[in-house]
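# Summary of the model geometry
As a plain string of letters, each chain reads:
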Amino acid sequence: MTRYLKGIAAQLVLALFAVLALVPLLLVLLNSFKDNDQVLANPFGLPSSLSFANFVTSWQYGQFGRGIVNSVLLTGTTVVVVLVCASLAGYVLAGQKVKQWPAIMVYLTMAMTIPIQLFVFPLYAAVAALNLLDNVFVVGVILAAINLPFATFLMRTFFLNIPAEIEEAALMDGVNTFQLIGRVMLPMVRPGLITVGVIVGLNAWNEFLISSTFLQNPDDQTLTLGFLTMNGTFSTQIGTMMAGALILIVPILAVFIALQRYVVDGLASGSVKG
């Protein structure tokens, strides 16, 4: 009976945290359909009617049509580069296939702890000298480099969970290194690839510092930067800002909901070994 009551208490606590997490999103949803007077009068009340005027205004002034395309290109570039590099590096480090692997692990740990703000100015000078400013793909590669140390650690953990006998059996069957990684190892760490892809994708989609520094042309700005440009004109128009925030949130939230089962399974299976 005590065990049953503990289970009920745990579920109630989790339900409370879920409600606390959903309340801000619910407020954004409700206020995005209200005009400014309704928001100021009762931000917690239901809208008097479903008006999409705020969404139209946000879409036009935030240039969200172009911003979504740039955000998808930026996020996609970051995720692809990270998955390719982190999976290969994680495989090598998991098998300790290089003599210097302890030093490499120390280097990756240091790279995770040093703030990127220290490198913004020299990095900007290098990118400007190469005439690569306002290039979404270049920014994607920069973000990939920032996320790569953490992704490598995570992928190494997933590769550690694969029995060594599987790799040995594949090698005895005559597969080469590329076949071993592509056809045997990567399918077995698919939950890890999805987990890393979702985490890195969320970071790239919401990233501001690097994007605002290297993407100054309005035609190349991401959805996040387009939303922030509305602050000056619509800072007092709460309903319009809420509609813009909802447009920014919905795409990545939909992707996370669709893949959350794989992310949870991946994190659980990746925590067995370190």
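Residues numbered from 1 in each chain as written. Predicted model: local features only at pLDDT ≥ 70, side-chain atom pairs only at ≥ 80, totals over all residues. Heavy atoms only, no water.

### Focus on the overall build of the chain
For the chain, the count of helices and strands is 14 helices and 0 strands. Walking the chain from its N terminus toward its C terminus, one meets helices and strands in the order α-α-α-α-α-α-α-α-α-α-α-α-α-α. Across its three principal directions, the C-alpha atoms of the chain cover 70 × 70 × 30 Å. Taking contacts inside the chain between residues at least 6 apart in sequence as the whole, the part at least 24 apart equals 74%. Of the roughly 15700 Å² of accessible surface on the chain, a fraction of 70% belongs to carbon and sulfur atoms. With 11 positive and 11 negative side-chain charges, the chain shows a spacing of 13 Å between the two charge centroids. (Helix = DSSP H or I, 4+ residues; strand = E, 2+ residues; numbered from the N terminus. Contact = heavy atoms within 4.5 Å. Areas by Shrake-Rupley, 256 points an atom, 1.4 Å probe, with all protein chains shown as cover. Lys, Arg positive; Asp, Glu negative; His and termini not counted. Charge placed at Lys NZ, Arg CZ, Asp CG, Glu CD.)

### What to know about the packing of aromatic side chains
Within this structure, the stated rule accounts for 6 aromatic pairs. Pairing phenylalanine 33 with phenylalanine 52 gives two aromatic rings, centres 5.5 Å apart and planes at 85°, and the pair type is edge-to-face. One end of the pair, phenylalanine 33, is in the loop between helix H1 (2-31) and helix H2 (36-41); the other, phenylalanine 52, is in the loop between H2 and helix H3 (53-61), with 19 residues separating them in the sequence. Judged by centre distance (5.8 Å) and plane angle (45°), the ring pair of tyrosine 124 and phenylalanine 214 falls under tilted. Separated by 90 residues along the polypeptide, tyrosine 124 in helix H6 (residues 120-129) and phenylalanine 214 in helix H11 (residues 209-214) bring together distant segments of the chain. Within the aromatic cluster, the residues linked to one another by ring pairs are Phe33, Phe52 and Phe55. (Phe/Tyr/Trp six-rings, centres within 6.5 Å; stacked < 30°, edge-to-face > 60°.)

### Describing H1
With 30 residues, H1 should reach 44 Å at 1.5 Å per residue; the first-to-last C-alpha distance of 43 Å fits that figure. Roughly 30° is the biggest bend found in H1, and it falls at valine 23, with proline proline 24 one to four residues downstream. Within the span of H1, buried status applies to Val28, Leu30 and Asn31. (Expected span 1.5 Å × (residues − 1). Bend = angle between axes of the 7 residues up to and from the residue. Buried < 20%, exposed > 50% of the residue type's maximum accessible area, 1.4 Å probe, protein only.)

### Examining the pattern of salt bridges
Tallied over the full model, the rule gives 1 salt bridge. Where aspartate 219 meets arginine 66, a salt bridge forms, and the shortest distance between an N and an O atom there is 3.6 Å. With aspartate 219 in the loop between H11 and helix H12 (223-228) and arginine 66 in helix H4 (residues 64-94), the pair connects residues that are 153 residues apart, well separated along the chain. Overall, the relative accessible area of 37% leaves arginine 66 in the partly exposed class. (Salt bridge = Lys/Arg side-chain N within 4 Å of Asp/Glu carboxyl O.)

### A look at the packing of helix H9 (residues 177-188) against helix H10 (residues 190-206)
The contact between H9 and H10 brings their axes to 4 Å, and the two run at 70°. The angle between the axes of H9 and H10 places the two elements in the roughly perpendicular class. Where H9 abuts H10, its residues Leu186, Pro187 and Met188 lie against Arg190, Pro191 and Leu193. By residue class, the composition of the contact of H9 with H10 is 5 nonpolar, no polar and 1 charged. (Axes fitted to C-alpha atoms, helices over the stretch in contact; angles between N-to-C directions. Parallel < 35°, antiparallel > 145°, perpendicular 65-115°, else oblique. Nonpolar A, V, L, I, M, F, W, Y, C, P; charged D, E, K, R; others polar.)

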